[in-house]
Amino acid sequence: MVVSGLFSHGNSIAPLLISSYAKVGDLKSAHKLFDKSPLRRVDSWNAMIIAYSKNEFPVEVVNIYNQMVLEGVKPDSSTFTVVLKACTILQDLEKGEEIWDKVVECGYENDVFVGSSLLNLYAKCGKMDKAGAVFEKMQRRDVVCWTTMITGFVQNGKGREAVDLYRRMQREGMVGDGIVMLGLMQASANIADTKLGSSVHGYMIRRALPMDVNILTSLVDMYAKNGELGIATRVFRKMPFRNTVTWSALISGYAQNGFAVNALQLLIEMQLLGFTPDVASLVSALLACSDVGSLRLGRSIHGYAARKVIVDQVLNTGLIDMYAKCGLISCARAIYDRISSKDLICWNTIIACYGIHGHGKEALTLFQQMKDKIEPDHATFAALLSALSHSGLVEEGRHWFDVMVNEYKIKPSEKHYACSVDLLARAGEVEEAKDLVTSMETKPGLAVWVALLSGCHKHKKFSIGELAANRVLEFIPENTGTFVLVANFFAAAKMWDKAASVRKLMKMTGMTKVPGYSAVEVNRRLHAFLMDDTSHPQYEQIMGLLCNLENEMKAMGYVPKTDFVLQNLEEDVKVKMLGIHSERLAIAFGLLNTAPGTRLLITKNLRVCGDCHEVTKFISVIVKREIIVRDVKRFHHFKDGTCSCGDYW
C-alpha cells in the first residue's frame, strides 16, 4: 500500500490499518502508523482510542482524547463512549464530568450510548443521585441504560431502589436480560427478600433464559444469604459446572447461617475435587472455625494460606477474628502487629476482639492509636462502646459517646444506644440507662429494651425491668432467647403468672427454648453436650469426675447458687439441675481426655450462669489448668481460681 501510493491518498485506509495492528496486539506499530498519517480525521483518532481501550490501557485512552481536543478535532459519539468508559475504569469522576461538558458542547447529550457510559461512570463512583438525574433527563433509554441503573443501585447497597426501578422498567414495556436478572438476584440477597429471588429464578426458567455459571452462582449466593440453604445446595449440586466462586458462595452461606461444620466439610470437598480455595472461601471457613471454636482447623487454614502465599488484608483480618474467637487473643494481636498497612476494618476487628475478651482498657488504647492515623466510623464506636461495657468502664463510655456525637458528628444508631444502655444498666446505673432510652430521637428498638431489661434482671431492678419487659413483648421477638430473658426476669421477680404467660405465648407462636449446649475440641474433634446429656458413652465417667470435683469444691467453701435456677422448685432439685449444666459436662469430658495441664476451650451457645462461673473458678484451682469459656456474649479466662472478667459480665 505504501509502495503503490494508496496509503498517502486513502484517508479511510489508516483507521483500518490501525485497527488491524491493534487486533494483533501490536500497539507500537498502530501508534507509529497513527503518527505518520497525513490527515488524521475523527475515525483515525477513534481507531487509536479504541485500540488502547480494547488492550486495557485507560490512561492512554484519556491521553489520546486530550491530544485530539487540543488539535481541534471534534469528537463523536464513539469517542465519548470509549473515553467515559476509561474514566470509569480509572474512577476519575472529575475528568468524566469534564468530558460530559464537552459532550453537551458537541450536541451528543441525547445519544443513548454516551448516556449509558455516563450512567456507568456515576454508578461505579457511587454517585447514584447524579446517575438518577441523568437517567431521568434521557430522551431515549435502551435496555443497557436500565441495566446500568439497576446494577448500579445493587452495587451501591440500594437493593430496594433496584427492585423499584425494575418494576418501573416492566411498566414501560422493557424486557430485562440476564444481566438485569443477575442484578435482581443480588438485590434480593442484599435486602433478604427470598420471595423476590425465587420469582426471578422462576422467571428465568419460564423464559428459558440462559443460566451460565455466573447466574447460577448468584442463585446459590442469594438462597444461601437468605437462609434457604436446602435450595442453595440443590441448585449447587445440579450445576453442570462450578468455579471457585460457586464453592465460596455456599461455604459462606453455611458459615454465616451458623452451620460451621457443613461449611468446613464443603471446604474439604472442594479441595478433594481439585478446586483451589480463594480468599473468600478461606475467610468463610475461618468464620466457621470462629463460630465453633475450632482452633485446630483454624490453624490448618492459616498454614494453608501461608504456604500458598495468599495472606492479604482481608484474610489477615479473618485470622485476627478466628484466633480471638478461639481464645488466643495474643495470637490475634501478633497477626495484627505484623500488618504494615491497617485499614478501618482491621482496626475495628481488633478493638472488638479485645472487647469480647473483657480487655476494655486495651481496646481503648488501640482506639486512641487509631484515631491519630485513620478516622473512626460508626462501627468503630460501636466496637469501642461494647468493649467498655464488658469491662465496666462507665465514665469512659459516657465520655466517648459524647465525643462521637459532638466531635465526630456521628449520629448514634440503634447499635450505639444499645451498647451505651448495656454499659450503664450492666453497671447498675439502671435509672440513667432508662433516661438515655427516653432521650432517643427515634423510637427505641428491641435491642435497646433488651439491654435495659438485662441490666434490670442482673441488679434486680424490678419496677424499671417490668417496663422494659413489657416493651420487649410489644415487638413479638423472633429470637427465642429474648422470650426466655423476659420469662426469666418475671420468674426472678416472683411474678410467676407473667412468667407462665410468656412461656404460653412461646408455645402459641410455635417457639421452643433453644437448648443450651457446650462444645469442646478434643483429639481433633468437636464434642457437644446438652444439659443432662446421658447419651454420651463416657457419661458415667463424666458424672463420677464431677461428683469428685464437687466434693473437693465444697471442702474449699463452695455453696451452690440456686437462685440461678429460675423455676419454682424444691432446693435439692435446683442443686441437682445446676450439677448437670452443659458446660460442666464439657469441662469434665475435656479433663478426662486431655493431658494434664492442657488448656481447655469451652464454647457455649447461651450465657454462662453465675453458679457455673463460680464452679469453673474452683475447678481451675483443683486441676491446675486454664479453662476458657466462650459464651454468647464474651470470653471468660479461668486460671488459679480467678476469671478475667473480674466477676463482671
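Residues numbered from 1 in each chain as written. Predicted model: local features only at pLDDT ≥ 70, side-chain atom pairs only at ≥ 80, totals over all residues. Heavy atoms only, no water.

Caption draft 1: Fine view of the pairing of strand E1 (residues 517–522). The sheet contact formed by E1 and strand E2 (residues 525–530) spans six bridges and is antiparallel. In the strand pairing of E2, glutamate 521 is matched with leucine 526. In textbook terms, the turn of a hairpin is the stretch between consecutive antiparallel strands, and for E1 and E2 this stretch comprises two residues, one of which, asparagine 523, has a positive phi near 50°. Note that E1 and strand E3 (residues 600–604) share three bridges and pair antiparallel. Across the sheet, the residue bridging to alanine 519 is threonine 603, located in E3. (Pairing = 2+ DSSP bridges. Helix = DSSP H or I, 4+ residues; strand = E, 2+ residues; numbered from the N terminus.)

Caption draft 2: Representation of the environment of glycine 227. By the secondary structure assignment, glycine 227 is in the loop between helix H14 (213–225) and helix H15 (229–238). C-alpha separation for the pair glycine 227 and methionine 556, spaced 329 residues apart in sequence, amounts to 49 Å.

Caption draft 3: Quick look at the packing of helix H8 (residues 112–124) against helix H9 (residues 128–137). As a packed pair, H8 and H9 sit with axes 7 Å apart at the nearest point and diverge in direction by 160°. The angle between H8 and H9 falls in the class roughly antiparallel. Crossing angle aside, the handedness with which H8 passes H9 is left-handed. Taken together, the residues of H9 that come into contact with H8 (itself represented by Leu118, Leu119, Tyr122 and Ala123) are Met128, Lys130, Ala131, Val134 and Phe135. Residues belonging to the contact of H8 with H9 are distributed by class as follows: eight nonpolar, no polar and one charged. (Axes fitted to C-alpha atoms, helices over the stretch in contact; angles between N-to-C directions. Parallel < 35°, antiparallel > 145°, perpendicular 65-115°, else oblique. Left-handed = near helix turned anticlockwise from the far one by under 90°. Contact = heavy atoms within 4.5 Å. Nonpolar A, V, L, I, M, F, W, Y, C, P; charged D, E, K, R; others polar.)

Caption draft 4: Spatial organisation of the sheet that holds strand E5 (residues 635–639). If you walk across this open sheet you meet the six strands as E2-E1-E3-E4-E5-E6, and the pairing is mixed. Two strands in the sheet have a free side with no partner beyond their single neighbour: E2 and strand E6 (642–643). Bridge count for strand E4 (residues 627–630) against E5 is four bridges, and the pairing is antiparallel. Its bridge partner being in E5, isoleucine 627 is matched across the sheet by phenylalanine 638.

Caption draft 5: Layout of helix H3 (residues 27–36). Every buried residue of H3 is accounted for by Leu27, Ala30, Leu33 and Phe34. Taken around the axis of H3, the buried residues stretch over an arc of 125°, which confines them to a single face. Away from its buried face by more than 90 degrees, H3 exposes Lys28 and Lys36. (Buried < 20%, exposed > 50% of the residue type's maximum accessible area, 1.4 Å probe, protein only. Arc of directions from axis to C-beta.)

Caption draft 6: Summary view of the nonpolar core. Residues Ile320 and Leu452 are the most contacted members of the largest nonpolar core, which totals 172 residues. Ignoring anything within four residues of it in the chain, the contact list for leucine 452 reads Val421, Ala425, Val430, Ala433, Lys434, Val437, Ile464 and Ala468. (Core = buried A, V, L, I, M, F, W, Y, C linked by side-chain atoms within 4.5 Å.)

Caption draft 7: Examining the UniProt feature "repeat: PPR" (unreviewed entry) in the protein chain more closely. The UniProt entry lists residues 41–75, 111–141, 142–176, 243–277 and 343–373 under the feature "repeat: PPR" (unreviewed entry), expressed in the numbering used here. For residues 243–277, the helix share is 74%, the strand share is 0%, and the end-to-end C-alpha distance is 10 Å. For residues 343–373, the helix share is 77%, the strand share is 0%, and the end-to-end C-alpha distance is 10 Å. (UniProt positions renumbered as here; feature names shortened; annotations may be inferred.)

Caption draft 8: Layout of the pattern of salt bridges. Per the counting criterion, the structure on display carries 25 salt bridges. Ionic pairing is found between glutamate 105 and lysine 102, a salt bridge with its closest N-O pair at 3.2 Å. Note that glutamate 105 and lysine 102 are positioned in helix H7 (residues 93–106) at a spacing of three residues, about one turn of the helix. Judged by its relative accessible area of 60%, glutamate 105 falls in the exposed class. Between aspartate 611 and arginine 584 there is a salt bridge, and its shortest N-O distance comes to 2.1 Å. One end of the pair, aspartate 611, is in helix H35 (residues 610–623); the other, arginine 584, is in helix H34 (residues 582–593), with 27 residues separating them in the sequence. The exposure class assigned to aspartate 611 is buried, which follows from its relative accessible area of 0%. (Salt bridge = Lys/Arg side-chain N within 4 Å of Asp/Glu carboxyl O.)

Caption draft 9: Summary view of the environment of alanine 500. Along the chain, alanine 500 falls in helix H31 (residues 496–508). For alanine 500, a relative accessible area of 44% puts it in the partly exposed group. As a C-alpha pair, alanine 500 and alanine 487 span 13 residues in sequence and 7.4 Å in three-dimensional space.

Caption draft 10: Structural view of the state of the cysteines. Applying the stated rule across the entire model yields zero disulfides. Distance from the sulfur of cysteine 331, which forms no disulfide, to the nearest cysteine sulfur (cysteine 326) is 10 Å. (Disulfide = S-S within 2.5 Å.)

Caption draft 11: Spatial organisation of the environment of alanine 263. Mapping alanine 263 onto the fold places it in helix H17 (residues 260–272). Residue classification places alanine 263 among the buried residues on the basis of a relative accessible area of 0%. Once the C-alpha coordinates of alanine 263 and leucine 287 are considered, the two residues, 24 residues apart in sequence, prove to be 9.3 Å apart. Leave out the neighbours within four places in its chain, and alanine 263 touches Ile251, Tyr254, Ala255 and Ala288.

Caption draft 12: Molecular detail of the side chain of histidine 636. By secondary structure assignment, the location of histidine 636 is in strand E5. Overall, the relative accessible area of 0% leaves histidine 636 in the buried class. Within the structure, the side chain of histidine 636 is placed 3.4 Å from the side chain of histidine 613, a separation counted as a polar contact. Those residues in contact with histidine 636, other than ones at most four positions away along the chain, are Val608, His613, Ile627, Ile628, Val629, Asp631, Cys643, Ser644, Cys645 and Trp649. (Polar contact = N/O pair within 3.5 Å; in protein donor to acceptor, adjacent residues only side chain to side chain.)

Caption draft 13: Looking closely at the pairing of E4. Here E4 shows no split at all, with Ile627 and Val629 on one side and Ile628 and Arg630 on the other all buried. With four bridges joining them, E3 and E4 adopt parallel strand pairing. Opposite isoleucine 602, over in E4, you have valine 629 as the bridge partner. Once E4 ends, the chain turns through four residues before running back antiparallel as E5.

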